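# Commentary on secondary and tertiary structure
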Amino acid sequence: MWIYEKKLQYPAKVGKTDLRMAKYLVTQYGGPDGELSAALRYLNQRYSMPTNVTKAILTDIGTEEMAHLEIIATLVYKLTKDASPEEMERAGLGGHYADHDNALYYVDATGNPWTATYIQAKGDPVADLHEDMAAEEKARATYQWLIDLTDDPDLIDTLNFLRVREIVHFQRFGEALDLVQEYQNSKHIF
Amino acid sequence: MNDMNPIMLRLAQAYVPFQTYVNRWDPTKGLMMGTIFPELYRPYYGRDRRRG
């Protein structure tokens with residue numbers, strides 16, 4: 001179970017309404033390398049990890065990804081909440097307005113809905129941890145491209161925080177991989 | 001804990017060095033930087049500088 005803290009892990013400020021940037025940033029909400037994909041991937045793969053420590057690493061990181069999902073949701077909502085239907089249409093979000101008004105939805109930067117095909121659970125912990133390490137690198141790269149697409153210093157500050165977390169998670173998954181490989185070698189499981 | 005001695009490493013297997021405690025920032029600075037560990041902090045300076 002979870003204990004909910006009624007605050008964000010890190011402040012989510014934006015300078016002004018920016019529909020163009022919201023359209024790109026939403027990929028970290030419902031895109032292939034976004035926070036929803038990350039949270040659901042790790043919180044699902046945890047069950048088939050072979051040791052308690054590696055289960056805990058996936059649970060902890062998956063939980064933190066839920067906190068990041070909240071930050072992204074807050075940012076996207078702040079970037080769009082004051083926009084009129086006409087402004088949304090001009091920003092290429094007319095279809096979003098028709099389907100969702102100003103509500104959030106799990107889509108990537110070009111509007112494709114989130115799908116479970118973004119994530120895998122192979123059952124082989126080495127294969128799953130390689131996917132997780134790759135996911136962290138792809139999310140890190142996505143944050144870099146998003147930083148390149150904006151000049152809003154408040155938004156960049158939060159994106160920088162989230163980007164560094166991806167690097168820390170890569171390190172932890174790498175340590176989990178070492179632990180799994182050591183466990184398998186000691187048990188002579190191949 | 002993996003021994004990074006190349007003789008001990010197996011082919012066709014990936015390794016990330018285990019982090020060992022060196023030092024840390026205070027918690028407030030750790031929150032602002034995204035990590036409490038200075039050796040894990042890798043800032044991004046933008047596409048132009050990345051290619052430069």
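Quick caveat, the model's predicted, so the values are computed rather than measured. (Residues numbered from 1 in each chain as written. Chains lettered and ligands numbered in written order. Predicted model: local features only at pLDDT ≥ 70, side-chain atom pairs only at ≥ 80, totals over all residues.)

Attention now goes to the nonpolar core. In terms of nonpolar packing, the biggest core is built from 42 residues, with Leu25, Val26, Ile72, Leu75, Val76, Leu79 and Ala176 of chain A touching the most fellow members. Listing elements by their share of this core, those giving two or more residues are α1 (19-25), α3 (35-45), α4 (52-80), α7 (125-148) and α8 (153-187) of chain A. (Core = buried A, V, L, I, M, F, W, Y, C linked by C-beta atoms within 7 Å. Buried ≥ 20, exposed ≤ 12 C-beta atoms within 10 Å, placed from the backbone. Helix = DSSP H or I, 4+ residues; strand = E, 2+ residues; numbered from the N terminus.)

This next bit is on the packing of α3 of chain A against α7 of chain A. Residue and element names in this part refer to chain A. In contact at an axis separation of 11 Å, α3 and α7 are set at 160 degrees when each is read in the N-to-C sense. When the interaxial angle is binned, α3 and α7 end up roughly antiparallel. Between α3 and α7 the crossing geometry is left-handed. Every residue of α7 that contacts α3 at Ala38, Arg41, Tyr42 and Gln45 is listed here: Asp128, Asp132, Ala135 and Ala139. (Axes fitted to C-alpha atoms, helices over the stretch in contact; angles between N-to-C directions. Parallel < 35°, antiparallel > 145°, perpendicular 65-115°, else oblique. Left-handed = near helix turned anticlockwise from the far one by under 90°. Contact = placed C-beta atoms within 7 Å.)

It is worth spelling out the interface of chain B and chain A at this point. Counting from both sides, the interface comprises 16 residues of chain B and, opposite them, 17 residues of chain A. Tallied by class, the residues present in the side of chain B that touches chain A amount to eight nonpolar, six polar and two charged. (Nonpolar A, V, L, I, M, F, W, Y, C, P; charged D, E, K, R; others polar.)

Turning our attention to the confidence of the model for chain B. The predicted model of chain B averages 88 in pLDDT, with 81% of residues at 70 or higher. Here the prediction assigns the complex a pTM of 0.95, and the interface score ipTM is 0.89. (pLDDT = per-residue confidence, 0-100.)

Turning our eyes to something else, we now look at α7 of chain A. Residue and element names in this part refer to chain A. Here α7 contains 24 residues, and its C-alpha end-to-end distance of 35 Å stays within 8% of the 34 Å for a straight helix at 1.5 Å per residue. Three or more residues of α7 are buried, namely Pro125, Asp128, Leu129, Asp132, Met133, Ala135, Glu136, Ala139, Arg140, Thr142, Tyr143 and Leu146. Looking at the buried side of α7, the elements it contacts are α1, α2 (27-30), α3, α4 and α8. (Expected span 1.5 Å × (residues − 1).)

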